[in-house]
Structure formats: C-alpha cells, structure tokens
Protein chains: 2
Amino acid sequence: MLKYLVIPAAVLCATSAYADEGQWQPYQLPQLKSELKRIGIAIPAEKLADLSKHPMSAIVSLGGCSASFVSDAGLVVTNHHCAYGAIQRNSTPEHNYIANGFLAKTRDAELPGGPNTLVYVTDKVENVTSRVLKDITPAMNGKQRSDAVDKAIKSLIAECESDKSYRCSVPAFHRGLEYYRIRQMMIRDVRLVYAPANSLGDFGGDIDNYEWPRHVGDYSFLRAYVGKDGRPADPSPDNVPYKSRDFLVVSAEGLKNGDPVLLAGYPGRTSRYKLPSEIRYARDDAYPAKAGEIQSDLDVIAAATKDSEASAVRYASVVKSLNNVMKKTRGLMDGFARKDIAAIKDVQDAEFRAWYARQPGSKQLLAELDALIAADIALSSEEFGYSVATTGDLLKSASSLYRLAQESAKPDAERELGYQQRDLTFIKARLNRLEQSYVGGVDQARFIAALQRYAKLPKAMHVSGLDALLPSVDAVPALYAQSKLGDTATRLSWVGKDAAAVAASDDAFVKLAVKIDGVSKSLIERRKELDGNLERVIPQYMAAVIAWKKSQGKPVYPDANSTLRVTYGTVSAYSPKDGITKGPFTTIEGIVEKNTGKAPFDAPQNLLDAIKAKRYGKFKDPVLGTVPVDFLTSADTTGGNSGSAVMNKNGELIGLNFDSTYESITKDWYFDRDITRAIHLDIRYMLWVMAEVDHADNLLKEMTIKYPKK
Amino acid sequence: MLKYLVIPAAVLCATSAYADEGQWQPYQLPQLKSELKRIGIAIPAEKLADLSKHPMSAIVSLGGCSASFVSDAGLVVTNHHCAYGAIQRNSTPEHNYIANGFLAKTRDAELPGGPNTLVYVTDKVENVTSRVLKDITPAMNGKQRSDAVDKAIKSLIAECESDKSYRCSVPAFHRGLEYYRIRQMMIRDVRLVYAPANSLGDFGGDIDNYEWPRHVGDYSFLRAYVGKDGRPADPSPDNVPYKSRDFLVVSAEGLKNGDPVLLAGYPGRTSRYKLPSEIRYARDDAYPAKAGEIQSDLDVIAAATKDSEASAVRYASVVKSLNNVMKKTRGLMDGFARKDIAAIKDVQDAEFRAWYARQPGSKQLLAELDALIAADIALSSEEFGYSVATTGDLLKSASSLYRLAQESAKPDAERELGYQQRDLTFIKARLNRLEQSYVGGVDQARFIAALQRYAKLPKAMHVSGLDALLPSVDAVPALYAQSKLGDTATRLSWVGKDAAAVAASDDAFVKLAVKIDGVSKSLIERRKELDGNLERVIPQYMAAVIAWKKSQGKPVYPDANSTLRVTYGTVSAYSPKDGITKGPFTTIEGIVEKNTGKAPFDAPQNLLDAIKAKRYGKFKDPVLGTVPVDFLTSADTTGGNSGSAVMNKNGELIGLNFDSTYESITKDWYFDRDITRAIHLDIRYMLWVMAEVDHADNLLKEMTIKYPKK
C-alpha cells in the first residue's frame, strides 16, 4: 500500500461517548456498566475488564488481525483473509489449498504457517505514564521531548523483553496523555488447520469488498504450538499444542435483529478527536488530492502496460493495492459529501471551547493547539508533495539504500526506526521482491507522469528546497539508461556499503537519491519537532476534553492504536438511502443468487449442492427459515479488527468480524450511529459449512458448541 | 408502442386465489368477506360490491387511466402522467405549465382538457352472457362463432348507446365464459385544475420508471363539467361543474407498515391463466426474440441518426417508446430467470388435471385445449415474423392505405375493426403525424436491417407464403427512390381512393403492400378462426378451473380486461435480493438526496426550500419523523391502474397508484406475493405540497380532508 498521504497526526475535538460508539480499553468497561446492562449484556463489566478472565483471556492478536482461542488445545479461529499468507505459503500447483481449501483431519497433518504467522497473547497491561514522562521538562523543544520519550520507552521495553517469548510495547493513548506497557506472549509455531476453498472464504472477492449484501465465509483455523515446557518455541516437530488457559464457547443458538453483541480485538487507527479544521483539510484537500494522484497513477500504469501481458501481470498486485486504497478514499470522500461532519464537529468544538473558557487557569492551550494543527496541516501538504515527486520504484530503492548506509554508521539503538539491525532482513526482502512488480519502462512512465503532476500541485504542496533538485522530465529517460538499480543483484549489492561509497556512485538514481536526501531528512526533522510539540499539547487538550465529558458523566475512549479494545452494539440494519434498508442478515440462498460460476462469484459445487438440497441441519434460523451467512451490527470497529470475536451477551462466540460497509468508511473520523455498520460472519454459517459441506468433524468435536434447543 | 409480438391469446392454468392476489369484479367481493376482514378492511364487502354506493361510486375511468372524485363539484384526482395530455395541450413557451405547473385559483381559470380528456362514470353493469351466446351452435367453426358473437355484441351496444351521454361496451370475462354489458356516462367537458411542476410530478422521469426508491408526486386535478341539465355536454363556457353524487374523503391520518389498503380502478390486461407451455414459449422464444428485435432496431436507428441532430430529434420519441418496451421486456425476462414460474404452473396444472380426470363426463376438453394452444403459439410465431418483415413506416402506411380502400367498399358495419367510418380521423392523424418521426434514409436502414433479421429467424417464425414476395435487400433503395409516400400530402391524397386505384398505383411501396396483402389477410383470417375456437374451448376450461377452485372454497377472478376491479393488500416492503429490503416508504428528505439539479432530478427550488426548512405542517409521519412521499403495497395492479384510488380500511383516499417495481413486471403472468409490489403516491405528500409548496388552498378547502388528531 503506497503511503500517498500523511494525515495530520494530531488529535482533537470531542466525540460524545454514547450508544454503540467506542473502542474501549477493557479497564474502562466498568464505567459503562449501565449501558452494557441496558443493551442486554449479561457478563459483569468487571469480569470483561479483567484480561486474565474469561472471555478476554481467549482473545488474541495475530499482528494486524484479531482472533480467539476456541479450544483448550490452542485452536484459533480468525478470518480467511488473515490466514491467507499461511494458506498461500503451503499451496502448490499440485496441492492448491487456496483454490481447494485445506483441512487437517489429524494434528499431524497441520501445516507450518511460516514466520509471519504468529499468535500474540496479551498477558499484562501496566500504566507506565509517569515512567515515560519522568525526564520531560517544560524547557524541551519538540525534538528533545520526542527523543526523551523514545528513550524512556526503549528502556521500558528492554526491561520487559527479558525473554524471547515475550514482546513488549509502550503505545501512547490520547497521543501521550497515557502510556501503557503491554506484554504479549508471542507464539511462533503456528500451523494451518483448516481453510475453506477461496471461492467460499473469499466469495465476492474485491468486488464485494466494503459492500453489503455480503456472502463470504471469511474464516480459517490455526493452531498455536509451544515447546514441551509450555513456552513459545521456534517451529519444531517436537512442539505440542498450546494449552490455552481459556477459550470461547461457540454458540450455534443464533441471534436476531436487535440482539446485543460484544466485540473484542485489536483495532488499528482512528482519528475521532480531530479538530474541524483538520476534517476540512482532509475533505477539501488531502483526500481529493490523494484520489487524483492514485487515479492518475493507475491510468499511467494502465497505458504503460496495455500492450504487454507480461508487464500487466507484474503490476497486477500494485494495481490491486492502488484500487483498494482508491475505494477507501472514494468512500471517505462520498461519506464527507453525504454528511457535513465538519459542521457537526464545529458544534461540539464550540461547546467544548465555551466550557473550557469557564474553567480556571491559563487559556493559552487552545491557541497553541490551533497553531500546531495549522503547522501540521502545512507540513502534511509538503509530505504529500514529496510522496508524489518521489513516485517510482528505482528512486525509492536508491533512497532507501542511501539512508541504510548512513544509519548503519550509528550505534544500533540510535538508528532511525526501520533502519536498525532487526530491519535488515525486511529491507533486503523488499529490494528483492521488487523484481516481481517492476518493469523499467513502466516505472519510467510513472516517474515522468508523477513529476509532471508534482509540478502542477498547489504551492502549499511543494516541498521546501526540493523543486530545484528534481530532474526535468526530458532528463528522466537518461536516468533510467544510466542506472543499474533495475537489476536485483545490483540493488542487493549496495546493502552493507558505507555512506561515502554510496555518495560516490555514478548510478544515476543513486546520485539523485543522494542529491535529495537533505530535503528528505529535513522533512523528517521537521516532523519530529512538530510531533514532539503535538505530544506535549494534545495530551493537555485531551485531558481537558476528558474533564469536560466527565462533567457530563461520559467516559472517553482513546483513538485506536492497535491495542486490545472492546466494543459493543446490536444486530441492526441500516438505510443507505431513502426507501432502502440493508441487512441485518444474508442467507445461503443469496449465494446461489449471486453465483455466476465466474470468479469471484464461483461458489464451490458442494456448497451449492448443500444449499439446493436445503440440508440446513441444526443451523436453520427460525426467523429466516434458512442458514444465515453474514450479518451487520452497530459495533465500532476499524482495520485491525479483522477476525475479532463477536460474542453474544454471555460471551459466547457467535460471529467473526471481517469488514464494514461502504457508508461506514468515514467512521475512522466520525461514528455516525445511523449508518455505521460492521460486517460479521455468522458463526452458524461456518459451523454449517464445517458440518454439511467440508465435513470438518474433528474440529466440530474439538470445539465446545452450544446447539439450539429443539 | 410497436406491436412486435402477439402474445398467444389463450387463457389458462389455475392461479390460486389467496393473499393479496386478485383483481376482483366488485360483485365478487362478498365471497372474500373473511379475507377482507382478516386484513382489517372495515367497509362491509356487500357495500364495496355495490357500484351505486360509496366508495365505488366515486371511482371513475379516464379511458386508459383510473381516477376518483374528491369533491361534490366534479373534482377528480388522478396521476400527473394521466393528465399530461391536458397539461401539454395548454402549455406554450409563455405559459409553460409542463415546466412550471398550473393552478387555477378560481373555476374561471380552469383550462379545457381537450377532446382526449374524458371522464367515464360506470353506472350499470349487467350480465348479458346468454344474450351474447344465444345464436351460437356447436356446428359453427371458429370464424362463424367469432362473427356471431361480434354481431350480438354490436346489437347489445346499439341498444344501450341510445344517448350520446353514454358509452357502452360488452367485454368478455374468462375469454367468453361470461359477458357483461357496462354502461358508462361519458363526460366530455373536462378541465385542468391543478398540476404540479413536471420536475415534481415526474421527478426521476424515465430513469426511475419501474424503480424503487421513488420520489415522484404523480398527481394532478381535473374537473368534470356538464350541461346545466346535469347531463354530459360538448365543451362550453355555459357548462357547470358535475355534481358528483359521491366522492372520496381524503385522509391525512396516514398509514404505516402492515396497514390494509383497498385499490379500485381499471386494470388493462393480465395473463394469469396461461398454460405452462405458453409461459415457456413466452420465456424461451417470444420475449428473447422481441428483446433481440427491439435492441437491433434501436442499434440501427442509433447508427442511422448518429451524424444528424435533426434525424435524431425526429426519432427521439420512437427511441423512447422502444426503450420503454425494452425495459418492460427485460423485466419480464429477468423475472422469468429469477423464478421458474413455468415449474410452479406445472404443479398447479398437474393438480388441476388430476382433479379434472376424476370428474364425470367427456375428457376431450384438455386435449382440444392443448392442441389449440399449440396452434396459437405457432400462429403467434408467424405473426411475430410478419411484424419483423414489415418494419418500416412507408410499408406500414402503404398497407394501411390499401386496407382502408378495400374496407371502404363494404357497408360500415361489416368493415374490419379499425377501418370503420369512426376510425377515419384516427387513420388520417396517423398518416399526418408520421411526418414528425420519419426520415427516408433512417426508414430505409431500418427496413433493410429488418429484412436481414427476418431472413435469419427460425423457420417457425417465417410467414407462410411471405418470403417469396419480399424484396431483396439490394432492391430496397430503389423502392424508396420510387415511392412518394414519404411526402405527407401524397400519403393523405390516397385516403378515399378505391381499391382498384390503389392496386393500379406505380408507387413502389404501394405496389409492395398490394403484393403482400393476401398474406396479411390470410394471417388475419387464421387468427379469427383460431380465436373463435379458443373462445369456444377456453370458457369450458375456465368453468372447470372455477369448479375446481370452488371445490377448495376459493373464488376465481377473471384476467384484467380494462373493467372496474377492486384489489386489496397491505403496506409492505419486499426483498429484491438477499440482504436488502426495499420500502415501504420514501420521505421528502430522499428528494434532496436524489436531487442533482439536472433533469429528471431537478426538484423545484420552493420544494427543496420547504424540505430544508422542515416545514412538515400537519403531515409529519410519527414513525418516519418526516413527510412520506411514495409507498409500496402488495395490491394487485397492472397497466390501466394508473391513478387508481388507494383507500384505507374505511374507504378514505390515502394514496394514488402509479407504477409497480421492476421485480413485479412478471406479475402480468404470475403474482408472486413475496416480491410483487405496487408503487403509490402517499396522499400526505400531495396535501403537503398543496399546503406548503404550491399553496393550492382553494382545493384543500374544497376537499373533505381528515387531519391527524393531535
């Protein structure tokens, strides 16, 4: 995914905490006791807040995805798209597990998930705010403050990661109002147990992405293995299934419109506390510019590959990824056009400021905040301009190599993030992998077109000092002619060279990268200074917002930051436009309706047969009269919540989160309870496929399943 | 509308009468007493059955549309599209009532509706079956039987139409099982009272045709005027408003999901009693062939007009009409693809045949029926082939002129339908009007392409004896060069000439028409013979079906035949596909949502202003929280029901019918209660526009309106 745009990193205006909005830190749940009770959640809030207790102790992270244990022998259920890497890794033309699915009927048959398939079990969360901030002084400038915080965090992590089995992190909440140290046990022998055929697990594919109605069986099973001592171990045939101290009971008893749900997982990033000015910048400038950039780049790639099948294949994944970003960006723009979120925030912001003005003490804070946000927007514009001007894989590779050479000269702990010793494998992999998605002529066309677009960007998006250093469009072909970086071995040969050697190179792209490196570094330094200041001011602002909300009796949840959160909501339909209602359920008959026999609407024949024969088994919903597939709830989710356990009022697993609707895309900025809906797999569909289609009887037996009473 | 296809005219298999299906003759309603009561209709069925009593005595026909009286001074409410002719007729560039709407604030200001704006008040319905069939003998062949029925009907009409104020008709029910003589008072001075702006009354235009969600205010007001003696009179300033002996009370009390409705009007044609074989023919042959024909013709017109704006304008209405037919045909094909109606009818047909086999008496009927239906399908195929081969307006004009000359030689009463003295004005008008939609080069391209398509049709669609008489494609340009029928004066100069003179013409198209006239006549004779036989057999079949249904305690309604019918249903949403629900209501906010400012989505500014200001007045729905616009019910309607009164359980007017959903198009063949929905205007929207937007206070005062209690 290309980083076309850096959204200004500040945090802002108050979002009221009521209804289904909120990605709560588990410890906050007791504050929501009456609300949880009102919607019908039966588990005591105190129990939900305790990570060592059921059901939270069954919730795990896969790093980027969420999951949960569903047996006492380390069996993990998550989304098909979250296990995709593990499935792909084991697939061969002879054993095409992507196309045909995979089922290990015995533990011996389970397949290695590979080094990227990891299970993280959160086991300790401590508030370490005072330790992180202990060396901070008011006199520090932004950069100094930022460095001091980094240093404190590194030491807190080092102290915690005494053992290879644990991975620790110290994320900021409310942009630095609080810091928590989170310790996770990292299980690194994770195996593929069961995945349905892709045409079931990804039915509808990219076409249905962000859409409703949805008919995808987005689930797969993994199993966590540990050493005989019960502790995480490198993959080995001697390892044994992890004895999960807790797991979720799976309920096939079903749910209906209006039922409450709990959802636990690891949401990635939200921006719910932005100032109105930041929303207007995103809506009016940043997203339109980003969409225009992506579309132009897609057009250039299409034109440059149209006469060569081979080139088109090489750029297929680039195009797919750009299209994905495009759909999300268009969804954001459509959402902003549909509802004037900025105006809503204006009202909230004004209310907050009026309240704040009545409080005792200095009133410098908001003026300082506004100035910093304005600076953030201005810097973000330049960062966007920089990303446009440096489109093109050869330039990116060259810049990365030069930066690596410079950072390698420093002690490891002082190097920039991403250029430390631990990152080297990743850098090499990227340089190597470029071979699969690079064609010189196409890259040249993209770079030329990007330079032309950069030249036309508004002045605010031009990077200070950059323009004079960029090549003219006419000079670009010569750059490609005089660079050998298109060759993989050559690219890799630069890794490990020192900065002076790189600087002395006569490779045209390496020379260009050296030339613009100062501008790039200056952007990074300005960002650090600004972020340091934002991290000083925003926590004060958030503290005021929290106090304001507290005065109204409302708790405040922090923006998502890839840490464990709990959200709740109800099964509910929504109206995307006047006169139309979507959801809350789809049914297996809808699969037949959509099935064309052509990917991505090519359901497996055994699935179609079971539907046609109405072999509903124990999974027929009494209201729908058939087996449900997917459903909608008002729970508050975002990217990273893929695979999250959706639980009923008793904490039993009734679904897996996997997406949200197109109209919900703006929820990262503003939770509009009328239309924000998360899309979940109904666990009854999974169980039905396992029972009637894929015959995964061994797993059905392993799980604890509550079936509906007759 | 081009007659591309003659659907086989027989009648068939049993449709069960339950739920909301049924276009009932009013006299049948007492048989449905318990059903009406069950859904909550408060008016006694006996009262509904009496055309002289409220509310049926308030229901009128406009000839092709339905309407109702809403005051005791002849005020009639119907659809905007039903009053369109009257609005158009009075519009000038200076007074553009189409664009701006029209409102007569006083009766003096009401505008003449013109000769085609008529109000028919049904005042007498008699069963005349025995009189129609009195001269029929078993020995008669089809043609003789058909002629004898025609003769009896003509005499029954003549006896009834003693007075110019009345118009009588003797339609067949169940294809001749019963005949009713219907006497209607025909009011011929009808004036335009009020029409909203087209952008409100036709908001969404053709794009929204057959679609939901819908946001159209499809209503207009007319007023019936009569002579001072209270009897219909030619238009005159001396006329006075008709004292409508009955009118509907208008209820603004509203309705909600699940409420019962009654709907009364004049549905045109349905085919609910077709045999499975006829459905398969329509689905597999007739509709695909028709759709292919229309699409090809549209393509030819597009290609032939693409370089000339003037030609494109001339064919705009032809194209619009073809597109309309195309949308309906595609809807039929989609509907047949979605649900296997033939298979459903197979089951019903088999049940009926099993029952019939157990009855005493001769069992020849069904064999005879099946043979006739097969013959009907075969003849329909030829008729379709003929319509393809004779595409092209010059050939059609020539054929019509030659037929007119031949028929004119006979006594008026013996002439073919459509070529009698009373039809002459219409024939001339058509010959004259062709000027507006004819371009020689385009017609030639259409004719050539049609001949090429005809040549490729399956053998069954080739007309016996025709192929050898058709010109070769190469010869067509010479035909156009050697014909003067493209000239309007020339076309009209042939009217009144005798058959010998026409036959002697050296005009190339007249010569072609003369040459193929024998084939055309032979098709017509074969149709008469077949129809006569169908009219003998189908009534026996329908009698058996009715007996079968009666044995199950179920009444049977006849197919629609443009006579007054009553249907009932409930306000209800439907699911067009799994996971999506449509309806039952739209709201005025949806207008803003759809409004683009560009026709047909260019709502009037005063409407948008009223919505924005939330000036809901008395018309705010308590559930929706705003003013409803259109709604869906399960009532059973078809073309001709436009403008039909939709009434609540007390017979008060709560809506106007104006369309049905795309998924309902197959209802002319099979009423699928799950998805068949009629689209109605919510009368509250009309009243709200009258009160808050158009300020039609005089009409609001004239009507009797029940407002919701506070």
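First things first, this report covers the structure right here in the doc. Everything numeric here is computed off the predicted structure, so don't read it as measured data. (Residues numbered from 1 in each chain as written. Chains lettered and ligands numbered in written order. Predicted model: local features only at pLDDT ≥ 70, side-chain atom pairs only at ≥ 80, totals over all residues. Heavy atoms only, no water.)

### Focus: the overall build of chain A
Okay, so step 1: When helices and strands are tallied, chain A shows 24 helices and 23 strands.
Okay, so step 2: The C-alpha atoms of chain A give 26 Å as radius of gyration, which agrees with the globular expectation for 710 residues (27 Å, within 12%).
Okay, so step 3: Its C-alpha atoms give chain A principal-axis dimensions of about 75 × 70 × 60 Å.
Okay, so step 4: For chain A, the residues scored as buried account for 59% of the 710 residues in total.
Okay, so step 5: Pairs at least 24 apart in sequence give 80% of the contacts found in chain A among residues at least 6 apart.
Okay, so step 6: For chain A, the accessible area works out to roughly 28,500 Å², and carbon and sulfur atoms hold 54% of it.
Okay, so step 7: Charge separation in chain A, taken as the distance between the mean sites of 92 positive and 87 negative side-chain charges, equals 3 Å. (Helix = DSSP H or I, 4+ residues; strand = E, 2+ residues; numbered from the N terminus. Rg over C-alpha atoms; globule rule 2.2 N^0.38 Å. Buried < 20%, exposed > 50% of the residue type's maximum accessible area, 1.4 Å probe, protein only. Contact = heavy atoms within 4.5 Å. Areas by Shrake-Rupley, 256 points an atom, 1.4 Å probe, with all protein chains shown as cover. Lys, Arg positive; Asp, Glu negative; His and termini not counted. Charge placed at Lys NZ, Arg CZ, Asp CG, Glu CD.)

### Focus on the interface of chain A and chain B
Okay, so step 1: If you look at the interface, chain A gives 15 residues, while chain B gives 15 residues.
Okay, so step 2: Together, the buried faces of chain A and chain B total about 1,100 Å²; carbon and sulfur atoms form 45% of this surface.
Okay, so step 3: Put simply, chain A and chain B have zero salt bridges between them.
Okay, so step 4: Seen at the junction of chain A and chain B, the total is eleven residue pairs in polar contact (both at pLDDT 80 or more).
Okay, so step 5: Elements with a contribution of two residues or more to the side of chain A that touches chain B: strand 17 (580–582), strand 18 (585–587) and helix 21 (588–594) of chain A. (Buried area = accessible area lost by both parts, 1.4 Å probe. Salt bridge = Lys/Arg side-chain N within 4 Å of Asp/Glu carboxyl O. Polar contact = N/O pair within 3.5 Å; in protein donor to acceptor, adjacent residues only side chain to side chain.)

### Examining the relation of the copies chain A and chain B
Okay, so step 1: Superposing chain A onto chain B requires a rotation of 180 degrees together with a translation of 0.0 Å along the rotation axis, leaving an RMSD of 0.2 Å. Here the symmetry operator amounts to a two-fold rotation axis. Of every C-alpha in chain A, the one belonging to Thr581(A) sits nearest the axis of rotation, 2.4 Å from it.
Okay, so step 2: Taken as a fraction of all interface residues of chain A, those also at the interface in chain B reach 100%, which identifies the copy contact as same-surface. (Least-squares fit on C-alpha atoms with pLDDT ≥ 70 in both.)

### Thoughts on the pattern of salt bridges
Okay, so step 1: Summed over all chains, the structure comprises 100 salt bridges over all chains.
Okay, so step 2: In this structure, Arg615(A) engages Glu692(A) in a salt bridge whose closest nitrogen and oxygen atoms are separated by 3.2 Å. Here Arg615(A), found in the loop between helix 22 (605–612) and strand 19 (628–633), pairs with Glu692(A), found in helix 23 (residues 683–693); they are 77 residues apart in sequence, far enough to count as distant.
Okay, so step 3: Overall, the relative accessible area of 35% leaves Arg615(A) in the partly exposed class.
Okay, so step 4: Among the salt bridges present, the one from Arg353(B) reaches Asp370(B), with a minimum N-O distance of 2.9 Å. Here Arg353(B), found in helix 12 (residues 341–357), pairs with Asp370(B), found in helix 13 (residues 364–389); they are 17 residues apart in sequence, far enough to count as distant.
Okay, so step 5: Arg353(B) gets classed as partly exposed once you look at its relative accessible area, which sits at 22%.
Okay, so step 6: For Asp370(B), a relative accessible area of 31% translates into the label partly exposed.

### Focus on unusual backbone geometry
Okay, so step 1: Along the chain, Ala599(A) connects to Pro600(A) via a cis peptide bond; the corresponding omega equals 5 degrees.
Okay, so step 2: Here Pro600(A) shows up in the loop between helix 21 and helix 22.
Okay, so step 3: Although it is not a glycine, Ser562(A) adopts a positive phi angle of roughly 65 degrees.
Okay, so step 4: Inspection of the secondary structure assignment puts Ser562(A) in the loop between helix 20 (508–551) and strand 15 (565–570).
Okay, so step 5: At His695(B), a position not held by glycine, the phi torsion is positive, near 50 degrees.

### Focus: the packing of helix 14 (residues 393–408) of chain A against helix 20 of chain A
Residues and elements named next belong to chain A.
Okay, so step 1: As a packed pair, helix 14 and helix 20 sit with axes 9 Å apart at the nearest point and diverge in direction by 70 degrees. By the angle class used here, helix 14 and helix 20 are roughly perpendicular. In this structure, helix 14 crosses over helix 20, and the sense of that crossing is right-handed. Along its contact with helix 14, which presents Leu-394, Leu-395, Ala-398, Ser-399, Tyr-402, Arg-403 and Gln-406, the element helix 20 presents Phe-509, Val-510, Leu-512, Ala-513, Val-514, Ile-516, Asp-517, Ser-520, Lys-521 and Ile-524.
Okay, so step 2: In terms of residue class, the contact of helix 14 with helix 20 is built from eleven nonpolar, three polar and three charged. (Axes fitted to C-alpha atoms, helices over the stretch in contact; angles between N-to-C directions. Parallel < 35°, antiparallel > 145°, perpendicular 65-115°, else oblique. Left-handed = near helix turned anticlockwise from the far one by under 90°. Nonpolar A, V, L, I, M, F, W, Y, C, P; charged D, E, K, R; others polar.)

### Describing the sheet that holds strand 16 (residues 574–577) of chain A
Okay, so step 1: If you trace the four strands from one edge of the open sheet to the other, you get 16(A)-17(A)-17(B)-16(B), paired in antiparallel fashion. Edge positions in the sheet fall to strand 16 of chain A together with strand 16 (574–577) of chain B, since each of these pairs with one other strand and no more. Averaged over all adjacent pairs, the angle separating strand axes in this sheet is 40 degrees, with direction ignored.
Okay, so step 2: Across two bridges, the pairing between strand 16 of chain A and strand 17 of chain A is antiparallel. Each residue of the ladder has a partner; that of Tyr574(A), found in strand 17 of chain A, is Lys582(A). (Pairing = 2+ DSSP bridges.)

### Concerning the environment of Ala413(A)
Residue and element names in this part refer to chain A.
Okay, so step 1: Note on placement: Ala-413 falls in the loop between helix 14 and helix 15 (424–433).
Okay, so step 2: As a C-alpha pair, Ala-413 and Lys-154 span 259 residues in sequence and 8.8 Å in three-dimensional space.
Okay, so step 3: If near-sequence neighbours (up to four positions away) are discounted, Ala-413 is found in contact with Lys-154 and Gln-420.

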